[in-house]
Amino acid sequence: MTYFENLLNEERKKEYFKQLTMFVNKEYRTKTVFPPKDKIFSSIKLTPYEDIKVVIIGQDPYHGVGEAHGLSFSVMPGIKVPPSLQNIFKELHDDLGCYIPNNGFLEKWAKQGVLLLNSVLTVVKDMPGSHRGKGWETFTDTIIKEINKKDTPVVFLLWGSYAKEKEALITSPKHLVLKTVHPSPFSARNGFFGCKHFSKTNAFLKEHGMKEIDFQIENI
């Protein structure tokens, strides 16, 4: 059993998670909820604890049909790339010279040790924030606290005020915390563009003898 499977099993025994599970199951039964139920824990399934080098924290999943699949900022192939992710790709282009791909499927990052973690793991169709304050934050904060305990250095990318609140959970001096505004069209020009977080991430990994992340998402 993996580290995250053990953690999930331990959390499931706790009262908050039992209440959360009852709430989420009812929501899936009575409403259209994203991501698909079997994709809720995709982030911690695709990026094992031992492999984590980078953490990118999102808020809650995309709330449009077919978009969310359990990785923050990522959408399935064939789905229009959302504006925030378009801006991430623009910064990647300016920072590392990556070409801007025709899709927003970020599984390649996840498989290289980039944990794409939303703070809230489910959402009702067309209702952003609809599952906030139900218990997911307790679970995902626990994940961040566990990553903070890692012996190997991790880069935390905190974009926007919501993600920056998680800095309080990152206390180990061996980790690198990079903060800026959210990449959304409303704020990207106020500091996200030009932040060079991707090159800074790879410089830090290289400095600590770790393999750099290949951030180029290929065309499909």
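Residues numbered from 1 in each chain as written. Predicted model: local features only at pLDDT ≥ 70, side-chain atom pairs only at ≥ 80, totals over all residues. Heavy atoms only, no water.

Regarding the pattern of salt bridges
Part 1 of the reasoning: Within the structure shown, the criterion is met by eleven salt bridges.
Part 2 of the reasoning: The salt bridge partner of Lys13 is Glu10, with a shortest N-O separation of 3.0 Å.
Part 3 of the reasoning: For Glu11, the salt bridge goes to Lys14, with nearest N and O atoms at 2.8 Å.
Part 4 of the reasoning: Residue class for Glu11 comes out buried when judged on its relative accessible area of 3%.
Part 5 of the reasoning: Among the charged side chains, a network of salt bridges with common partners joins Lys108, Asp214 and Glu218. (Salt bridge = Lys/Arg side-chain N within 4 Å of Asp/Glu carboxyl O. Buried < 20%, exposed > 50% of the residue type's maximum accessible area, 1.4 Å probe, protein only.)

A word on the packing of aromatic side chains
Part 1 of the reasoning: Going through the model one piece at a time under the given rule, you end up with 16 aromatic pairs.
Part 2 of the reasoning: Aromatic pair Tyr16 and Phe17: ring centres 5.8 Å apart, planes at 80 degrees, arrangement edge-to-face.
Part 3 of the reasoning: Residue classification places Phe17 among the buried residues on the basis of a relative accessible area of 3%.
Part 4 of the reasoning: Ring pairing ties together the aromatic residues Phe73, Trp109, Trp159, Phe192, Phe193, Phe198 and Phe215, which thus form one cluster.
Part 5 of the reasoning: Its guanidinium or amino end placed over the ring of Tyr49, Lys150 lies 5.0 Å from that ring's centre, counting from NZ or CZ. (Phe/Tyr/Trp six-rings, centres within 6.5 Å; stacked < 30°, edge-to-face > 60°. Lys NZ or Arg CZ within 6 Å of the ring centre and 35° of its normal.)

With respect to unusual backbone geometry
Part 1 of the reasoning: Here the bond from Phe34 into Pro35 is cis, since omega is -5 degrees, no more than 30 degrees from zero.
Part 2 of the reasoning: Within the secondary structure, Pro35 is located in the loop between strand S1 (33–34) and helix H3 (42–46).
Part 3 of the reasoning: In the Ramachandran plot, Phe73 falls in the positive-phi region, its phi being about 70 degrees despite a non-glycine side chain.
Part 4 of the reasoning: As for its placement among the helices and strands, Phe73 is situated in the loop between strand S2 (54–58) and helix H4 (83–96).
Part 5 of the reasoning: Of note, Lys196 is a non-glycine position whose phi angle comes to about 55 degrees, a positive value. (Helix = DSSP H or I, 4+ residues; strand = E, 2+ residues; numbered from the N terminus.)

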